[in-house]
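Each chain, letter by letter, is given below.
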Amino acid sequence: MKMIIANWKMHLGIRESLAHARGVLRALVGNDVQPTVVVCPSFTALSEVRKVLVRTHVQLGAQTMGPERFGAFTGDVSVAQLDDVGCQYVIIGHSERRAMAGETDALVNQKMNLVSQTSITPILCVGESRDVREQGKAETHVIAQLRAALKNVHIGTSSALVIAYEPVWAIGSGVQPTPAEVVAMHTAIRAAVVEGIGVRNDQLSVVYGGSVTGENAYQYLREPMIDGVLVGSASIKLQEFSAIITAGRDVMVAQRV
Ligand code: PGA
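(A) Local environment of the overall build of the protein. When helices and strands are counted, the protein shows ten helices and eight strands. Against the 2.2 N^0.38 benchmark of 18 Å for 257 residues, the protein shows a C-alpha radius of gyration of 17 Å, consistent with a compact globule. For the protein, the C-alpha atoms occupy an extent of roughly 45 × 45 × 35 Å along the three principal directions. Per-residue burial over the protein gives 53% buried out of 257 residues. Taking the intrachain contacts of the protein between residues at least 6 apart in sequence as the baseline, contacts between residues at least 24 apart amount to 72%. A total accessible area of about 11800 Å² is found for the protein, and carbon and sulfur atoms account for 52% of it. Averaged over its 23 positive side-chain charges, the protein has a centre that lies 4 Å from the centre of its 23 negative ones.

This is the structure in structure tokens:
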């Protein structure tokens, strides 16, 4: 199974989000083999998009969540509220939130702890900066981020965990690591997570994100170590996103996964 995650970021209003959700459904019509597709609209559109996706195979995700259970936290949205609106996934620790909203490893860990106590699946983002990669420390950095995010987190035996490897320098830049570089990192991530927190291999998906397009998606998706892609800019262009879904489907048909 391959997973295609759309991160619409702060781009679409309710009406546009609904049109996009319907477009994604159209891209899936008439094919038996389908990748798992998750769309992550803004908070304001979650409820309406949910109505379009209910009883379909497309899953709903949020782009972030607050680090507390409930209380006087003006502007935050709790994981229980995401559950209430019908989210099945939530992105945690996206590099834009780490860089722009000051999210630290400790905060990411707090969120991971909260979400692991619910039935919502976390999509935990990790990735190195260009500097770190140039110093040859990308793997050490990513594994340290993972250890911090997953400290004392217990993923139940019937729950799932998605790790998104998103090198910061590849996000929105049009520059990507090679599939071989991604495979090497995913291999290290999988080993660290399976050994470190004892999740089973089949509970874990490791996806790649950073300037994924309709044109380059196939070269990543065809790698068995790459379970899917997390798509930003290309996910708000329907034709482009449909091409990414098609790439996922083509790989699944060719490899019978
Ligand atoms: P991008 O964004 O596809 O625009 O590079 C990916 C992401 O931020 O998750």
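After presenting the structure, the write-up continues.
(B) Unusual backbone geometry, seen in detail. Phi is positive for Lys-9, close to 50 degrees, though the residue is something other than glycine. Counting through the fold element by element, Lys-9 comes out in the loop between strand S1 (3-7) and helix H1 (14-28). Of note, Asn-152 is a non-glycine position whose phi angle comes to about 60 degrees, a positive value.

(C) A look at the environment of Val-251. For Val-251, the location among the structural elements is in helix H10 (residues 238-255). Along the backbone, Val-251 and Leu-221 are 30 residues apart, and their C-alpha atoms lie at a distance of 6.8 Å. Setting aside residues no more than four positions away along its own chain, Val-251 makes contact with Lys-2, Tyr-218, Leu-221, Arg-222 and Arg-256.

(D) Inspection of the side chain of Asp-227 at higher detail. By secondary structure assignment, the location of Asp-227 is in the loop between helix H9 (217-221) and strand S8 (228-231). Asp-227 gets classed as buried once you look at its relative accessible area, which sits at 15%. Among the polar contacts made by the side chain of Asp-227, one reaches the side chain of Arg-190 at a distance of 2.8 Å.

(E) The nonpolar core, seen in detail. Formed by 71 residues in total, the largest nonpolar core has its most connected members in Val-39, Ile-163 and Ile-189. Element by element, the count of residues in this core is highest for helix H8 (residues 179-197), at seven residues. In this view, Ile-163 contacts Leu-124, Val-126, Leu-146, Ile-189, Val-193, Leu-204, Ser-205, Val-206 and Val-207; residues no more than four positions away in its chain are not counted. Among the nonpolar cores identified, the runner-up in size contains twelve residues, and Ile-5, Cys-40, Ile-91 and Leu-230 belong to it.

(F) Quick look at H1. The terminal C-alpha atoms of H1, which comprises 15 residues, lie 21 Å apart, in line with the 21 Å expected from a rise of 1.5 Å per residue. Among the residues of H1, Ser-17, Leu-18, His-20, Ala-21, Gly-23, Val-24, Leu-25, Ala-27 and Leu-28 are the ones counted as buried. Those residues of H1 that are buried lie in contact with strand S2 (36-40), helix H2 (43-53) and H10. After H1 finishes, the residue Gly-30 shows a positive phi value of roughly 80 degrees.

(G) Just the side chain of Gln-63, in detail. Its location among the elements puts Gln-63 in the loop between strand S3 (59-62) and helix H3 (79-84). From its side chain, Gln-63 meets the backbone oxygen of Lys-9 in a polar contact 2.9 Å long. Here the side chain of Gln-63 touches Pro-41 through a polar contact of 3.3 Å, landing on its backbone oxygen. If sequence neighbours within four positions are ignored, Gln-63 has contacts with Asn-7, Trp-8, Lys-9, Met-10, Cys-40, Pro-41, Ser-42 and Ile-91.

Rules and cut-offs
Residues numbered from 1 in each chain as written. Predicted model: local features only at pLDDT ≥ 70, side-chain atom pairs only at ≥ 80, totals over all residues. Heavy atoms only, no water. Helix = DSSP H or I, 4+ residues; strand = E, 2+ residues; numbered from the N terminus. Rg over C-alpha atoms; globule rule 2.2 N^0.38 Å. Buried < 20%, exposed > 50% of the residue type's maximum accessible area, 1.4 Å probe, protein only. Contact = heavy atoms within 4.5 Å. Areas by Shrake-Rupley, 256 points an atom, 1.4 Å probe, with all protein chains shown as cover. Lys, Arg positive; Asp, Glu negative; His and termini not counted. Charge placed at Lys NZ, Arg CZ, Asp CG, Glu CD. Polar contact = N/O pair within 3.5 Å; in protein donor to acceptor, adjacent residues only side chain to side chain. Core = buried A, V, L, I, M, F, W, Y, C linked by side-chain atoms within 4.5 Å. Expected span 1.5 Å × (residues − 1).

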